[in-house]
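Topology and contacts: notes
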Amino acid sequence: MAVTKRAARPARAPARERARPILGRLAKAYPDWGPTLEFRTPLDLLVATILAAQARDERINEVTRTLFQKYRSAPDYVRAPQATLEKEIRSTGFFRQKAKAIKGATQGIVERFGGEVPRDMDGLTSLHGVGRKTASIVLGAAFGVPAIAVDRHVERVATRLGLALKGKDGVERGLAALYPKRDWYKVTWTFVLHGRRTCTPTPACPRCPVLELCPYPKKTR
Ligand code: SF4
């Protein structure tokens, strides 16, 4: 059978041709894709995502299992003395900044959104300490609103795979242009898991499920 040049070198195919098979393979390789932070409500997820900065999700889940029993609404966080909250989240690291961010965000939710976490990007990013990545995680996972959350894993994977230009804004724009909105949630969480488990800073290319589709020039052997 004749083998075309493109079939022989799929890594050189344009990003729009590789995007779909890449997503399909990653979803198959990581069937457990999805948020690893535990939450019951949008408020829980917002707080957990703020806490997760510079910390492992497992540690955050250990802390929030107790925290979320005590704090069930935005006013609960607003009423809590800063020092008490700091003590309760101390083991997540950077606890002073995180307590300040949680109190600032929940204050905004109470004062400007009637105590409910806003369901749109502008509302979420207007809250103290809430950036685009955190807002996208909450939108996608808590509200089912299409959003691509770009953390360091998504950025690394997307740029190595040649699907987007470097930089968080460029990656979000690039992936949003390649994938339909219905896939944005899946893109976020399959890319996160791929970046955590295989396409790590020193990638494990020989066991990568998208090896032949990847144009990264510094693949490991
Ligand atoms: S082949 Fe290597 S660099 Fe490319 S996506 Fe896979 S692990 Fe990452």
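Residues numbered from 1 in each chain as written. Predicted model: local features only at pLDDT ≥ 70, side-chain atom pairs only at ≥ 80, totals over all residues.

As for helix α9 (residues 132-143)
If you check α9, its first and last C-alpha atoms are 15 Å apart, about what 12 residues at 1.5 Å a residue would give, namely 16 Å. Counting buried residues in α9 gives 10 out of 12 residues, a clear majority hidden from the surface. Among the residues of α9, Lys133, Thr134, Ala135, Ser136, Ile137, Val138, Leu139, Gly140, Ala141 and Ala142 are the ones counted as buried. Buried-residue contacts for α9 involve α3 (42-51), α8 (121-125) and α12 (184-197). Immediately downstream of α9, the backbone of glycine 144 shows phi near 70°, a positive value. (Helix = DSSP H or I, 4+ residues; strand = E, 2+ residues; numbered from the N terminus. Expected span 1.5 Å × (residues − 1). Buried ≥ 20, exposed ≤ 12 C-beta atoms within 10 Å, placed from the backbone. Contact = placed C-beta atoms within 7 Å.)

What to know about the nonpolar core
In this structure, Leu46, Ile102, Ala105, Val138, Val154, Ala158 and Leu175 are the most contacted members of the largest nonpolar core, which totals 61 residues. Excluding residues that lie within four positions of it along the chain, alanine 105 makes contacts with Leu46, Ile50, Leu127, His128, Gly129 and Val130. (Core = buried A, V, L, I, M, F, W, Y, C linked by C-beta atoms within 7 Å.)

A few points about the environment of cysteine 208
By secondary structure assignment, the location of cysteine 208 is in the segment after α12. Classification of cysteine 208 as buried rests on a count of 21 C-beta atoms within 10 Å. Sequence separation between cysteine 208 and arginine 25 is 183 residues, and the spatial gap between their C-alpha atoms is 9.9 Å. Look past the residues within four positions of cysteine 208 in its chain and what remains in contact with it is Thr198, Cys199, Pro203 and Cys214.

Quick look at the site of the ligand
The environment of the ligand is made up of 13 residues, and the closest members are Cys199, Pro203, Cys205, Cys208 and Cys214. Tallied by class, the residues present in the shell around the ligand amount to 10 nonpolar, 1 polar and 2 charged. (Near = placed C-beta within 6 Å. Nonpolar A, V, L, I, M, F, W, Y, C, P; charged D, E, K, R; others polar.)

Concerning the domain arrangement of the chain
Once the domains are mapped, the chain shows domain 1 (5-35 + 147-213) and domain 2 (42-116). Look at where the C-alpha atoms of domain 1 and domain 2 centre, and you get two points 31 Å apart. (Domains from an automatic or database assignment.)

Observations concerning the packing of α3 against helix α4 (residues 57-70)
Interhelical geometry of α3 versus α4 gives an angle of 140° and a closest axis separation of 11 Å. On the basis of their axis angle, the class for α3 and α4 is oblique. Regarding α3 and α4, the two cross each other, and that crossing is right-handed. Residue-level inspection shows Asp44, Ala48 and Leu51 of α3 in contact with α4, the latter providing Ile60, Val63, Thr64 and Phe68. Looking at the contact of α3 with α4, its residues break down into 5 nonpolar, 1 polar and 1 charged. (Axes fitted to C-alpha atoms, helices over the stretch in contact; angles between N-to-C directions. Parallel < 35°, antiparallel > 145°, perpendicular 65-115°, else oblique. Left-handed = near helix turned anticlockwise from the far one by under 90°.)

Side note on unusual backbone geometry
A positive phi angle is found at glutamine 54, which is not glycine, with a value near 60°. Looking at where glutamine 54 falls in the secondary structure, it is placed in the loop between α3 and α4. Taking the C-beta count within 10 Å as the criterion, glutamine 54 has 10 such neighbours and is therefore assigned exposed. With phi around 45°, phenylalanine 94 is a residue other than glycine that occupies positive phi space. Looking at where phenylalanine 94 falls in the secondary structure, it is placed in the loop between α6 (82-89) and α7 (95-112).

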